[in-house]
Amino acid sequence: MSEVKAKTPHGEVTIDQLAEIQPGMAKIMKEVGERFADTYFAAKGRNWKLAAYHLNQVRTAFKVAKVTRPKFTEDLNAFDSEYLLPIFKAIQATDWSAFEDAFAKGMAGSDFYHDKTGHPYIRFVLPKERVSLLELGPPEKFTRRERGGKETPSGEGTQ
Ligand code: HEM
């Protein structure tokens, strides 16, 4: 056990304690499920860049899982190349019908891995609609100026 300690205003924690409280699969998968649904609704609204952004966050969550739960690395990598990559390609091609097809395959793929990892009672389902804090329509259809913000040179920056 490491004796390296970090100091907080509330006391000291060892590096092992810090490692132990990193997110496990249940927490990470909660994020994966939300981001995966967000990907779908952004693509449906034709905000393709936002769809790519959310799908990248699924990948980032997988990256964390590979560190905190390394035994899932092989399955997560396999899922990434078999299912996430085709979804990325459809997003890049801004092709809704390819996207829908690849996304449906991704959902079926997630069932396979949930069964394989001993969770046959877990089944990702898409909600009929999703309340989003982000604009889902195509970026060309919203401007910063319309609510008094400054337009960036590309028209895509933050206000
Ligand atoms: C886009 C694909 C996937 C989606 C949308 C998804 C979604 C989810 C969701 C929503 C949960 C339940 C989380 C909760 O509320 O507690 C879950 C659990 C889980 N998922 Fe996934 N998942 C995906 C892919 C995978 C893959 C590829 C693996 C393979 C390792 C995996 C392994 C697990 C495990 C092990 C759990 C149970 C967590 C625990 O140990 O408590 N998932 N998943």
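Structure shown above.
Thresholds applied
- Residues numbered from 1 in each chain as written.
- Predicted model: local features only at pLDDT ≥ 70, side-chain atom pairs only at ≥ 80, totals over all residues.
- Heavy atoms only, no water.
- Patch = residues over 30% accessible without salt bridge, like charges linked within 9 Å, V, L, I, M, F, W, Y side chains within 5 Å.
- Areas by Shrake-Rupley, 256 points an atom, 1.4 Å probe, with all protein chains shown as cover.
- Salt bridge = Lys/Arg side-chain N within 4 Å of Asp/Glu carboxyl O.
- Helix = DSSP H or I, 4+ residues; strand = E, 2+ residues; numbered from the N terminus.
- Buried < 20%, exposed > 50% of the residue type's maximum accessible area, 1.4 Å probe, protein only.
- Axes fitted to C-alpha atoms, helices over the stretch in contact; angles between N-to-C directions.
- Parallel < 35°, antiparallel > 145°, perpendicular 65-115°, else oblique.
- Left-handed = near helix turned anticlockwise from the far one by under 90°.
- Nonpolar A, V, L, I, M, F, W, Y, C, P; charged D, E, K, R; others polar.
- Near = heavy atom within 4 Å.
- Polar contact = N/O pair within 3.5 Å; in protein donor to acceptor, adjacent residues only side chain to side chain.
- 1 Å grid on protein atoms, 1.4 Å probe; cavity = no way out; pocket = protein on both sides within 12 Å on 5 of 7 lines; lining within 4 Å.
- Sits in = over half its atoms within 2 Å of the grid points.
- Contact = heavy atoms within 4.5 Å.
- Pairing = 2+ DSSP bridges.

Enquirer: Just checking my understanding: could you explain a nonpolar patch on the surface for this structure?
Expert: On the surface, Val4, Ile15, Leu18 and Ile21 cluster together into a nonpolar patch covering about 360 Å² of accessible area. Locating Leu18 in the fold gives a position in helix α1 (residues 15-20). Residue class for Leu18 comes out partly exposed when judged on its relative accessible area of 34%.

Enquirer: Explain the packing of helix α2 (residues 25-44) against helix α3 (residues 48-68) to me, please; I cannot follow it from the model alone.
Expert: A pair of packed helices is captured by two measures, namely the crossing angle of their axes and the spacing between those axes. Where α2 contacts α3, the axes come no closer than 8 Å and their chain directions differ by 165 degrees. With respect to α3, the axis of α2 lies roughly antiparallel. In terms of crossing hand, the pair formed by α2 and α3 is left-handed. Split into classes, the residues belonging to the contact of α2 with α3 amount to 17 nonpolar, four polar and three charged.

Enquirer: What's the story with the environment of Thr73 in this structure? I'm lost.
Expert: Along the chain, Thr73 turns up in helix α4 (residues 73-92). Residue classification places Thr73 among the partly exposed residues on the basis of a relative accessible area of 24%. Along the backbone, Thr73 and Phe62 are 11 residues apart, and their C-alpha atoms lie at a distance of 8.4 Å.

Enquirer: What's the story with the site of the ligand in this structure? I'm lost.
Expert: Around the ligand, a shell composed of 18 residues is seen, among which Ala26, Met29, Phe79, His114 and His119 lie nearest. With respect to the ligand, the side chain of His114 contributes an N or O atom lying 2.8 Å from a nitrogen atom. The pocket occupied by the ligand, as judged from atoms lying within 2 Å of grid points, is the largest pocket. Mapped onto the shell around the ligand, the elements with two or more residues apiece are α2, α4 and α5 (96-116). The greatest single-element share of the shell around the ligand, amounting to seven residues, is contributed by α2. Looking at the shell around the ligand residue by residue, the class counts come to 11 nonpolar, five polar and two charged.

Enquirer: Even after reading the chapter, I still don't get unusual backbone geometry, so can you show me in this structure?
Expert: Its identity is not glycine, yet Arg46 carries a phi of approximately 70 degrees, on the positive side. Inspection of the secondary structure assignment puts Arg46 in the loop between α2 and α3. Here Thr94, not a glycine, exhibits a phi torsion of approximately 45 degrees, which is positive. Secondary-structure assignment places Thr94 in the loop between α4 and α5.

Enquirer: Would you explain the environment of Leu55 in this entry?
Expert: As for its position among the elements, Leu55 is in helix α3. Measuring from C-alpha to C-alpha, the distance between Leu55 and Arg35 comes to 6.6 Å, with 20 residues separating the pair along the chain. Non-local contacts of Leu55, meaning those with residues more than four positions away in its chain, are made with Phe36, Thr39, Leu84, Ile87, Phe88 and Ile91.

Enquirer: What is the right way to read the pairing of strand β1 (residues 5-8) from this model?
Expert: Every other side chain in a regular strand lies on the same face of the sheet, so the side chains alternate between the two faces. Note that β1 and strand β2 (residues 11-14) share four bridges and pair antiparallel. Each residue of the ladder has a partner; that of Thr8, found in β2, is Gly11. Count of turn residues in the β1/β2 antiparallel hairpin: two residues.

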